[in-house]
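Listed here are the chains, written in short residue letters.
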Amino acid sequence: MLKITINGEPFFVKVAGEGHPLLLVHGFPLSHAMWQPQIENLQRNFRVIVPDLRGCGKSIVTPGKVTMEEYADDLAMLLDALEIEERVTYCGLSMGGYIGWQFIRNHRDRLHSLILCDTRTAADDAIVLSNRHKMAANVLSEGMQQAIKTMLPKLFASQTRTDQPEIVETIRNVMLTSDPEGVAAALMGMAERPDMTDLLPEIDLPTLFVVGEEDLISTIEEMRSMASAVPNAELLEVAQAGHMAPLEQPAVVNAEIQAFLNRHV
Ligand code: MLT
């Protein structure tokens, strides 16, 4: 991991490979580690740039709230610090996708194309909102255990849980080492994120959506509807995968990302 200091704050980022820059933005409450199968495979043909977002992994923790816009600004500054001038392919999963909408809005000139995995444009409804506030209070007072119990069962397809328990354990460990203040700040930021559905018809970049057929958080119906709202977007539906499709079925997802980039780079 490289340590990059931006405005006096430390950020950690994995950079590997050469070629077209592919920025991989992780979900909540995770770190760059969720992209390990993509890092290993895609660095053969691309320059993969895989940060720990603010408050996650080993990067600087900011208590309170971090908005999706602030995460997106961090990423733009990170690209500056790495002197990446070429337009990037932005690939985000779930919260990484929420941040992606803000990156499109505020840093459009940095973008070549988009890959949006297991994510949503809708804002939180009242139930999700209230759960976010409860989870934030709980992680701050009790640590990560309860949040892990709540989140982990929602992340994977049933087959992943039985056939690849090591993946579930890897993600449990990533969550266990997450900083409660960083996790709470992400929850507060997600809670106030706006509905971004109106942005979809305006997207004029090559766009690939990826969804696990068993995703319980960003459902296949919701992602089909998002994909149909973006002009000329492609959609990969991944069998035997849930919310963590790139980690659960890396061979299928990597092959599709490679084919998508071969067509557009
Ligand atoms: C994620 O994977 O980033 C989370 O499920 C996002 C969310 O809680 O909405």
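Here goes a summary of the coordinates provided. On a predicted model such as this, the values are computed, not experimentally measured, just so you know.

**Topic: the packing of helix α4 (residues 126-142) against helix α8 (residues 180-191)**
Reasoning step 1: For the pair α4 and α8, interaxial distance at closest approach is 9 Å and the crossing angle is 165°. It follows that α4 is roughly antiparallel to α8 by the angle criterion. Seen along the crossing, α4 lies across α8 with a hand that is left-handed. Residues Leu129, Arg132, His133, Met135, Ala136, Val139 and Leu140 of α4 pack against Pro180, Glu181, Val183, Ala184, Leu187, Met188, Met190 and Ala191 of α8.
Reasoning step 2: Residues belonging to the contact of α4 with α8 are distributed by class as follows: twelve nonpolar, one polar and two charged.

**A look at the pairing of strand β2 (residues 9-16)**
Reasoning step 1: Sheet topology note: the strand β1 (residues 2-6)/β2 ladder contains five bridges and is antiparallel. Looking across to β2, one finds that isoleucine 6 is bridged to glutamate 9.
Reasoning step 2: Counting the residues that bridge the hairpin from β1 to β2 gives two residues, and of these asparagine 7 lies at a positive phi of roughly 50°.
Reasoning step 3: Bridge analysis of β2 against strand β4 (residues 47-51) gives four bridges, and the strand direction is antiparallel. Bridging across to β4, valine 15 finds its partner in isoleucine 49.

**Re the packing of helix α2 (residues 68-81) against helix α3 (residues 95-106)**
Reasoning step 1: At their nearest, the axes of α2 and α3 sit 8 Å apart, and the two run at 70° to each other. Taken together, the axis directions place α2 and α3 in an arrangement best described as roughly perpendicular. Contact with α2, carried on its side by Met68, Glu69, Tyr71, Ala72, Leu75, Ala76 and Leu79, involves Met95, Tyr98, Ile99, Gln102, Phe103, Arg105 and Asn106 of α3 and no other residues of that element.
Reasoning step 2: A class-by-class count of the residues in the contact of α2 with α3 yields ten nonpolar, two polar and two charged.

About the thresholds
Residues numbered from 1 in each chain as written. Predicted model: local features only at pLDDT ≥ 70, side-chain atom pairs only at ≥ 80, totals over all residues. Heavy atoms only, no water. Axes fitted to C-alpha atoms, helices over the stretch in contact; angles between N-to-C directions. Helix = DSSP H or I, 4+ residues; strand = E, 2+ residues; numbered from the N terminus. Parallel < 35°, antiparallel > 145°, perpendicular 65-115°, else oblique. Left-handed = near helix turned anticlockwise from the far one by under 90°. Contact = heavy atoms within 4.5 Å. Nonpolar A, V, L, I, M, F, W, Y, C, P; charged D, E, K, R; others polar. Pairing = 2+ DSSP bridges.

Everything listed here is a matter of coordinates, which is why it stays silent on function.
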